[in-house]
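# Structural overview for review
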Amino acid sequence: MQWHSCTSQTRSYATSTPARIFLSHSTNPYWNLAYEDWLFRKTPADQHILLLYRNAPCIVIGRNQNPWNEINLSRLRQLRIPLVRRRSGGGTVYHDLGNTNYCLFMPRASFDRRQGAELVSSALNALDVPTRVNERHDIVCESFKVSGSAFKLINARAYHHGTMLLRSDLTSLRGLLKAERPSLKTKGVGSVSSSVRNLSEWNAEIGHESFVRAVAERYAKAEDIELAITEITEQDMMAEEFVSDNRAELLSWAWVWGQTPEFTIDLSHQFDFGSLSIRITSKHALITAFDVEQSTLSSAILSQVEALGQAMIGNRYDSASDLTKESHATNDQIRSIVQWLSKVM
Ligand SMILES: Nc1ncnc2c1ncn2[C@@H]1O[C@H](COP(=O)(O)OP(=O)(O)OP(=O)(O)O)[C@@H](O)[C@H]1O
């Protein structure tokens, strides 16, 4: 048995498996997240690992979040940016090649919510960027958020992963994330919106390579290992059946949308011909109820609205707008209601 001592932390522990550092060359979020989960579940429980990766533009939501509450979905579709649901909790973040992610794996017994962020922040301080870790365990620079963190703990294992805004497209970031909709009630987790900045504002030279190098060096020192980075390609990932299966699950509708916690949405509108308030309930992203709460519509129109609502039950919430568009409404009033619904749902 070997003892690893930490030079920069107070932690000291016994391990039989030396710490390792991996750098992914894939920029595909599904492969990277699947590989991250493989490292979490399939490496020895006592092993400390650092994984670094970055993704092509995508939005990554937390395991228990509601995409309709977090994202400007029409903009996401317009920009053809994928929506990815990760396995850890926490909020919604934007990724692109200007954002590098780190993931620190460890035995649960050595897990500490702050330590990982402190390590990354001290690596940045060595690059002359004045970062610090705030009370939410986010890394901030002055008062601006530059990194967000999430954690996962299962049995004897834990990880802490985080983003790092080096030179991301902040206009896309802001345009794709949206304020929560007060009319949508959910048991899911809401994001905590912050003012974000890129680290390039403090260090014009900083980029993926220099960040990777600085964090890897700091980690090697803390773990008392030689600095050796194992580079991983998509081919390496594909060779592991667990990773391929995991990636397929991350791509599935059942995971991306179907994991959405139950929610209700209250929608009201004043039309020229009367008012309508409805409540739609959704479970596993399927419509489970459509209730008219209040209406001053004529009884003929109201019964058509109710029939439309009944037809929507059992359908995916994300296909409801198509369904309403497809309804062959011959009546102008119904057509207006259908158009309104397809816009606001
Ligand atoms: N790549 C990013 N890095 C840092 N902050 C971001 C990024 N993208 C978006 N943000 C900001 O972070 C907010 C979400 O923060 P929240 O604390 O809810 O999630 P998080 O737990 O930090 O996310 P993660 O777990 O992925 O790090 C967004 O509303 C936005 O203001």
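Bear in mind that the values here come from a model prediction, so they are computed numbers and not experimental data. (Residues numbered from 1 in each chain as written. Predicted model: local features only at pLDDT ≥ 70, side-chain atom pairs only at ≥ 80, totals over all residues. Heavy atoms only, no water.)

### Side note on the side chain of S26
The criterion, for reference: Working definition: helices are DSSP H or I runs of at least four residues, strands are E runs of at least two. Numbering for both runs from the N terminus. Each residue's exposure class comes from its accessible area (1.4 Å probe, protein chains only) as a fraction of the maximum for that residue type: buried when under 20%, exposed when over 50%, partly exposed otherwise. Residues are treated as being in contact if the distance between any of their heavy atoms lies within 4.5 Å.
Following the sequence through the fold, S26 ends up in the loop between strand 3 (20-24) and helix 1 (29-42). The exposure class of S26 is buried, given its relative accessible area of 3%. If sequence neighbours within four positions are ignored, S26 has contacts with W31, N32, R54, I232, E234 and M237.

### A look at the packing of aromatic side chains
Short version of the rule: Only centres within 6.5 Å qualify two rings of Phe, Tyr or Trp (six-membered ring in Trp) as a pair; their planes then separate them into stacked at under 30 degrees, edge-to-face at over 60, and tilted for everything else.
With the rule as written, the count across this model stands at 11 aromatic pairs. Judged by centre distance (6.4 Å) and plane angle (80°), the ring pair of F22 and Y35 falls under edge-to-face. Linking F22 in strand 3 with Y35 in helix 1, this pair joins segments that are 13 residues apart in sequence. Each member of the pair, F22 as well as Y35, is classed as buried.

### Focus on the domain arrangement of the chain
To be explicit about the condition: Domain borders in the structure are assigned automatically or taken from a domain database. We define buried area as the total accessible area lost by two parts upon association, computed with a 1.4 Å probe and summed across both. The classification used treats Ala, Val, Leu, Ile, Met, Phe, Trp, Tyr, Cys and Pro as nonpolar, Asp, Glu, Lys and Arg as charged, and all other residues, Gly among them, as polar.
The domain architecture assigned to the chain consists of domain 1 (20-257) and domain 2 (263-344). Computed over C-alpha atoms only, the centres of domain 1 and domain 2 are separated by 38 Å. Each partner contributes residues to the interface: domain 1 has 9 residues there, and domain 2 has 11 residues. Both faces considered, domain 1 and domain 2 share a buried interface measuring about 970 Å² in area, 58% of it formed by carbon and sulfur atoms. Counting the surface domain 1 buries against domain 2, the share from its top three residues, W68, S183 and W253, is 57%. Its residues assigned to classes, the side of domain 1 that touches domain 2 comprises 4 nonpolar, 3 polar and 2 charged.

### A short note on the pairing of strand 8 (residues 100-107)
The condition is simple: Here the rule is simple: two strands pair whenever DSSP picks up at least two bridges between them.
Burial within strand 8 is extensive, with 8 of its 8 residues counted as buried. Covered by surrounding structure in strand 8 are T100, Y102, L104 and M106 together with N101, C103, F105 and P107, the residues of both alternating faces. Examined bridge by bridge, strand 4 (residues 49-54) and strand 8 share 6 bridges and lie antiparallel to one another. Paired with R54 across the strands is T100, a residue of strand 8. Across 6 bridges, the pairing between strand 8 and strand 13 (residues 157-162) is antiparallel. Paired with P107 across the bridge in strand 13 is R157.

### Topic: the pattern of salt bridges
Threshold: Think of a salt bridge as a Lys or Arg side-chain nitrogen and an Asp or Glu carboxyl oxygen that are within 4 Å of each other.
The full count for this structure, using the stated rule, is 11 salt bridges. Salt-bridge contacts for R41 lead to D37; the nearest nitrogen and oxygen are separated by 2.9 Å. In this pair, R41 and D37 are both assigned in helix 1, 4 residues apart and thus about one turn of the helix distant. Salt bridges sharing partners connect three or more residues here, namely D37, R41, R87 and E249.

### Notes on the sheet that holds strand 17 (residues 274-283)
To keep it simple, the criterion reads: Here, axes are lines fitted to C-alpha atoms. For helices the fit covers the stretch in contact, and angles between N-to-C directions go from 0 to 180 degrees.
If you walk across this open sheet you meet the 4 strands as 14-16-17-18, and the pairing is antiparallel. Edge positions in the sheet fall to strand 14 (184-186) and strand 18 (286-295), since each of these pairs with one other strand and no more. The mean angle between the axes of side-by-side strands here comes to 15°, regardless of whether they run parallel or antiparallel. Sheet strands touched by helix 10 (residues 299-312): strand 17 and strand 18. Its angle to strand 18, the strand with the most contacts, is close to 165°.

### Description of the environment of Q115
In this fold, Q115 is placed in helix 4 (residues 115-125). A residue is classified by how much of its surface remains accessible, and Q115, at 19% relative accessible area, is buried. Remark: the alpha-carbon pair of Q115 and V133, spanning 18 residues in sequence, is separated by 9.5 Å.

### A closer look at unusual backbone geometry
The phi dihedral of D128 is positive, around 65°, even though this residue is not glycine. The topology assignment puts D128 in the loop between helix 4 and strand 9 (131-133). Its relative accessible area of 65% is what places D128 among the exposed residues. Positive phi is not limited to glycine here, since H284 has a value of about 50°. Inspection of the secondary structure assignment puts H284 in the loop between strand 17 and strand 18.

### Brief notes about the site of the ligand
Our working definition: Working definition: residue near molecule or strand if any one of its non-hydrogen atoms lies within 4 Å of it. Think of a polar contact as two N or O atoms within 3.5 Å of one another; within protein, one of them needs to be a possible hydrogen donor and the other a possible acceptor, and neighboring residues in sequence only count if both atoms come from side chains. Every accessible area reported is derived by Shrake-Rupley at a probe size of 1.4 Å, with residue values counting cover from the shown protein chains alone.
If you check the shell around the ligand, you find 23 residues, and the closest are Y94, K145, G148, T163 and V192. A distance of 2.8 Å separates an oxygen atom of the ligand from a polar atom in the side chain of K145. S149 places a main-chain nitrogen or oxygen 2.8 Å from an oxygen atom of the ligand. Out of a free accessible area of 650 Å², the ligand has 95% covered by protein chains. Broken down by secondary-structure element, the contributors of at least two residues to the shell around the ligand are strand 7 (93-95), strand 11 (144-147) and strand 12 (149-154). For the shell around the ligand, a count of residues per class yields 8 nonpolar, 11 polar and 4 charged.

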